[in-house]
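Residues per chain, in single letters:
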Amino acid sequence: MALHKLRFSVRSSEDFAGEIGVQCMKWLLILATLANLSSGCREIKPEEPLYGYGTEPEQTTGADAILSQQTPHNITSAVGMTLAAFGAASREWQTIDQMLQAEDWQEVACDALPADATSPGVGAHVLDANGWITELPLKGRCVGTRLFQGARGSYPSGRYLVRFSGGASLSVAGDANAVASLGTELAAFDVVTPSEAGVLLKISSLTAGNPIRNIQVIAPGGVCGKSLTELLPFSYCRTDRGGSGSCGTGLTCFDFSKITINTSESNDLSQFNDLVTGRSKVFFHPLFLQSLRPYKSLGFRHWLMPAGRFARDLGTLNSNVAHFAEDRGAPPEIAATLANLLEADPWISIPADASEELVTTTASLFKARLKSNLTVHLDYGGEFWIEGSVARDYMTLAAELLHLPSYEVFYVQRLSTFAAAWKSAFGTEAARIQVAGFVNATDTEMPARLQTVVTPPPFTYFATSAHFLAPAVEGIDEESTADFFEAITGGPGVAAEESSFGQTQARLQALASAVSTLGLPLVAYGSGPAFTPALTWDDARDPLRNDERMGALISLNLQTWKDLGGRLIFFDKSADDTRTESGWGALRTQQDSRSRLANALREFIEANPCWWEGCQTTTTP
């Protein structure tokens with residue numbers, strides 16, 4: 001995230017002038033605690049009691065396991081999570097069928113090592129309507145797709161099953177050994193030691209008249225359950241193909257291959273109902289589900305609009321599609337299913353150039369598929385005020401064509417139209433639609449300008465960024481690390497009011513006061529550290545994220561928001577998804593067992609039940 005678009009922001013609907021002295025004292029005490037921590041990056045010892053989301057199977061047994069699976073973990077949570085991108089760039093194990101996260105097909109030499117960024121993609125003329133290969137390139141060339149390219153070597157070892165229809169000659173490269181045929185339309189490959197190379201799945205020939213299609217690559221492991229129709233989707237367990245963990249008394253470990261949804265078989269959406277109600281199917285990896293259980297709401301903007309716009313034809317799940325790479329995004333049915341499983345309110349971001357028809361179709365889909373106890377958070381255009389952004393340019397042009405006085409007027413009018421479409425789709429349950437008005441934390445007059453464009457205004461609340469800015473560092477040593485944290489919190493060389501937290505603290509009061517006069521709450525659509533976009537966070541800089549002071553900064557970020565009266569606060573994002581991302585995910589990889597960021601989020605959630613009226617999530621059977 002760019003420095004110019006990230007701000008730290010605060011309170012919404014209450015006048016907190018009488019509390020400033022108390023809050024400033026609390027803030028200074030927290031800063032003092034930070035300053036007293038060791039100035040060097042302390043090594044984390046293996047025995048330290050870190051939570052490590054998504055790293056170990058849940059160890060409850062028997063009846064306790066069943067009760068734990070049925071009880072949401074986010075009933076009193078005040079924190080939401082924006083999901084990392086869906087697809088090959090993700091470091092999360094999002095789906096059990098790894099083909100859904102694979103990259104687009106590439107043309108490769110048949111004897112080549114894994115394809116790289118220079119490998120040409122295949123043309124549309126060799127693909128069918130669902131993205132499956134119908135013919136190969138020139139003689140001596142193969143077609144391949146890469147798996148686990150964003151995982152940085154953190155993906156499951158073990159035996160992967162390959163199920164498909166039709167026929168072809170398959171081979172693998174990278175971390176995988178040779179493909180072994182297991183019978184008609186079934187094969188397997190083994191990964192002994194995962195690395196950054198990942199796996200390249202290659203097609204060297206196709207069966208005439210019956211080319212290979214509907215490929216599934218099923219990860220090792222399984223989930224626990226009482227039976228094939230009473231599964232516990234959060235409980236990871238080891239099978240003879242791999243995985244980890246065991247099941248308790250009265251429970252059996254069922255291999256993924258027996259219970260995972262085969263999205264290539266049909267467009268029967270009842271399969272996804274079984275994930276939530278029947279408990280007879282699985283689709284998401286149990287460790288991925290575990291890592292998201294604490295969060296009250298899930299932000300789907302990187303899933304549904306990965307390129308800044310709805311890049312898929314939303315409203316129909318094309319189950320036979322080859323994979324859901326980032327340029328297409330994930331189907332909304334899958335987003336709704338994940339929200340249902342986790343009892344988490346979905347946050348849906350509408351891109352600036354979305355059509356009314358597409359928005360209406362998407363709204364109807366969520367009404368049909370989302371559990372009745374869940375609320376939808378809705379925003380339009382994101383940080384639309386950023387000069388040079390797609391949203392700003394689109395809204396500016398639209399305002400000129402419509403002879404409107406400003407792009408802000410177009411923003412409010414368009415958001416009002418889209419909000420009305422969602423509320424109409426939800427009918428008598430229109431109150432479940434919560435509309436966010438995005439505001440720039442540095443522009444205290446912006447909330448009032450937006451609020452007066454149309455009557456009545458569409459906003460349920462205003463939303464802003466609660467990120468704190470972090471400086472670039474050229475290397476990691478004791479001196480540069482001390483400077484890094486001092487720039488954020490203040491210290492001997494940086495006065496508190498000149499630090500990142502100090503400078504943003506002043507803006508907090510102004511924005512909160514402006515919003516409170518309008519009688520609306522304030523939520524944060526993002527929080528956590530934000531860095532300069534040119535900075536590459538490679539392995540050499542990883543000690544910063546696991547320094548105990550980083551955990552303290554996350555705690556300070558969240559606690560300051562609460563103390564100043566903010567409501568729901570999102571962390572952006574669930575996991576790193578590229579090597580050059582300008583910010584950090586809560587997890588470095590799905591197996592990150594020592595994340596100071598994720599642990600600080602969990603500790604805050606457990607110690608700070610949500611504090612505004614009506615905030616507790618209601619549950620459904």
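Not measured: the values here are computed from a predicted model.

Cis geometry is found at the peptide bond from Thr455 to Pro456, where omega equals -5°. Of note, Pro456 is situated in the loop between α11 (446–451) and β17 (461–469). With an omega dihedral of 25°, the bond running from Asp572 to Lys573 counts as a cis peptide bond. Its identity is not glycine, yet Glu185 carries a phi of approximately 55°, on the positive side. When you line up the elements, Glu185 lands in the loop between β6 (180–183) and β7 (186–191). Not every positive phi belongs to a glycine, and Asn214 is a case in point at roughly 50°. Here Asn214 lies in strand β9 (residues 213–218). Residue Asn214 is classed as buried on the basis of its relative accessible area of 17%.

What follows deals with the packing of aromatic side chains. By the definition in use, this model includes 26 aromatic pairs. Over the ring of Phe234 we find Arg293, and its NZ or CZ is 3.8 Å from the ring centre.

What follows deals with the pattern of salt bridges. Inspection of the entire model under this criterion finds 12 salt bridges. The shortest N-O distance in the salt bridge between Glu408 and Arg449 comes to 2.8 Å. Linking Glu408 in helix α10 (residues 407–426) with Arg449 in helix α11, this pair joins segments that are 41 residues apart in sequence. A relative accessible area of 10% places Glu408 in the buried class. Overall, the relative accessible area of 31% leaves Arg449 in the partly exposed class.

Taken in spatial order, the four strands of this open sheet run β2-β3-β8-β5, and their pairing is antiparallel. Either end of the sheet is taken by a strand with one partner, and the two such strands are β2 (106–109) and β5 (168–174). Between one strand and the next, the sheet's axes are offset by a mean angle of 40°, whatever the strand orientation.

Before going further, it helps to spend a moment on the environment of Gly153. Along the chain, Gly153 falls in the loop between β3 (141–147) and β4 (158–165). Discounting chain neighbours no more than four positions away, the residues touching Gly153 are Pro194, Ser195 and Glu196.

On to the sheet that holds strand β11 (residues 230–237). Strands belonging to one sheet form pairs held by backbone hydrogen bonds; the direction of such a pair is parallel or antiparallel. Strand order in the open sheet formed by three strands is β11-β10-β12, with antiparallel pairing between adjacent strands. Of all strands in the sheet, those with a lone pairing partner are β11 and β12 (252–255), marking the two edges. Strand-to-strand twist across the sheet, computed as the mean angle between neighbouring axes with direction ignored, equals 45°.

What follows concerns a nonpolar patch on the surface. A cluster of nonpolar side chains, contributed by Leu397, Leu401 and Leu402, occupies part of the molecular surface with about 320 Å² of accessible area. Summarising the element assignment, Leu401 is placed in helix α9 (residues 390–401).

Most of helix α7 (residues 332–342) sits inside the fold, with 11 of its 11 residues counted as buried. Phi turns positive, to about 55°, at Glu343, one or two residues after α7.

This next bit is on the state of the cysteines. Tallied over the full model, the rule gives four disulfides. Across the disulfide from Cys110 sits Cys142; the S-S distance is 2.0 Å. An S-S torsion of about 105° defines the bridge between Cys110 and Cys142 as right-handed. In this pair, Cys110 sits in the loop between β2 and β3 while Cys142 sits in strand β3, placing the two residues 32 residues apart along the sequence.

This paragraph deals with the packing of helix α15 (residues 548–563) against helix α16 (residues 596–607). Following both chains from N to C, one finds α15 and α16 inclined at 35°, their axes separated by 8 Å at the closest point. Relative to α16, α15 is oriented so that their crossing is right-handed. Every residue of α16 that contacts α15 at Glu548, Met550, Gly551, Ile554, Ser555, Leu558, Gln559 and Lys562 is listed here: Arg596, Leu597, Ala600, Leu601 and Phe604. Of the residues contributing to the contact of α15 with α16, the split by class is seven nonpolar, three polar and three charged.

Attention now goes to the side chain of Lys296. Position of Lys296 relative to the elements: it lies in the loop between α5 (286–292) and β13 (297–299). One buried charged residue, Lys296, forms no salt bridge at all, with the nearest opposite charge on Asp345 at 4.8 Å. At a separation of 2.3 Å, a polar atom in the side chain of Lys296 contacts the main-chain carbonyl oxygen of Cys615.

Turning next to a negative patch on the surface. Judged by side-chain charge, Asp477, Glu478, Glu479 and Asp483 come together as a negatively charged surface patch. Its place among the elements puts Asp477 in the loop between β17 and α12 (478–489). For Asp477, a relative accessible area of 44% corresponds to the partly exposed category.

With 12 residues, α16 extends 16 Å from end C-alpha to end C-alpha; this agrees with the ideal 16 Å at 1.5 Å per step. Among the residues of α16, Arg596, Leu597, Ala598, Asn599, Ala600, Leu601, Phe604 and Ile605 are the ones counted as buried. Considering only its buried residues, α16 is in contact with β1 (79–82), β18 (522–530), α14 (542–545), α15 and β19 (569–572).

To continue, consider the environment of Trp422. Its place among the elements puts Trp422 in helix α10. C-alpha separation for the pair Trp422 and Thr360, spaced 62 residues apart in sequence, amounts to 6.6 Å. For Trp422, the residues in contact, after removing those within four places along its chain, are Ile348, Ile350, Val359, Thr362, Ala363, Phe366, Val376, Leu378 and Ile433.

A few words on the packing of helix α13 (residues 500–516) against α15. At a closest axis distance of 13 Å, the pairing of α13 and α15 adopts a crossing angle of 10°. For the element pair α13 / α15, the angle class is roughly parallel. Two secondary-structure elements touch here, α13 through Phe501, Gln505 and Leu508 and α15 through Leu553, Leu556, Asn557 and Thr560. Residue composition of the contact of α13 with α15, by class: four nonpolar, three polar and no charged.

Okay, the nonpolar core next. Grouped together as the largest cluster of nonpolar side chains are 111 residues, with contacts concentrated most on Trp303, Leu338, Phe384, Tyr411 and Trp422. In terms of nonpolar packing, the next biggest core, distinct from the first, is built from 41 residues, Val122, Leu170, Val199 and Phe256 among them.

The next point concerns the confidence of the model for the protein. Overall, the predicted model of the protein reaches an average pLDDT of 81, with 76% of residues at or above 70. Confidence over residues 1–57 falls short of pLDDT 50; this stretch has 156 contacts with residues more than four positions distant or in other chains. The model gives residues 308–320 a pLDDT under 50, and that stretch makes 50 contacts with residues more than four places away or in other chains.

Attention shifts here to the environment of Ser364. Residue position: Ser364 is located in helix α8 (residues 356–369). As a C-alpha pair, Ser364 and Ala425 span 61 residues in sequence and 5.3 Å in three-dimensional space.

What counts as what
Residues numbered from 1 in each chain as written. Predicted model: local features only at pLDDT ≥ 70, side-chain atom pairs only at ≥ 80, totals over all residues. Heavy atoms only, no water. Helix = DSSP H or I, 4+ residues; strand = E, 2+ residues; numbered from the N terminus. Buried < 20%, exposed > 50% of the residue type's maximum accessible area, 1.4 Å probe, protein only. Phe/Tyr/Trp six-rings, centres within 6.5 Å; stacked < 30°, edge-to-face > 60°. Lys NZ or Arg CZ within 6 Å of the ring centre and 35° of its normal. Salt bridge = Lys/Arg side-chain N within 4 Å of Asp/Glu carboxyl O. Pairing = 2+ DSSP bridges. Axes fitted to C-alpha atoms, helices over the stretch in contact; angles between N-to-C directions. Contact = heavy atoms within 4.5 Å. Patch = residues over 30% accessible without salt bridge, like charges linked within 9 Å, V, L, I, M, F, W, Y side chains within 5 Å. Areas by Shrake-Rupley, 256 points an atom, 1.4 Å probe, with all protein chains shown as cover. Disulfide = S-S within 2.5 Å. Left-handed = near helix turned anticlockwise from the far one by under 90°. Nonpolar A, V, L, I, M, F, W, Y, C, P; charged D, E, K, R; others polar. Lys, Arg positive; Asp, Glu negative; His and termini not counted. Polar contact = N/O pair within 3.5 Å; in protein donor to acceptor, adjacent residues only side chain to side chain. Charge placed at Lys NZ, Arg CZ, Asp CG, Glu CD. Expected span 1.5 Å × (residues − 1). Parallel < 35°, antiparallel > 145°, perpendicular 65-115°, else oblique. Core = buried A, V, L, I, M, F, W, Y, C linked by side-chain atoms within 4.5 Å. pLDDT = per-residue confidence, 0-100.

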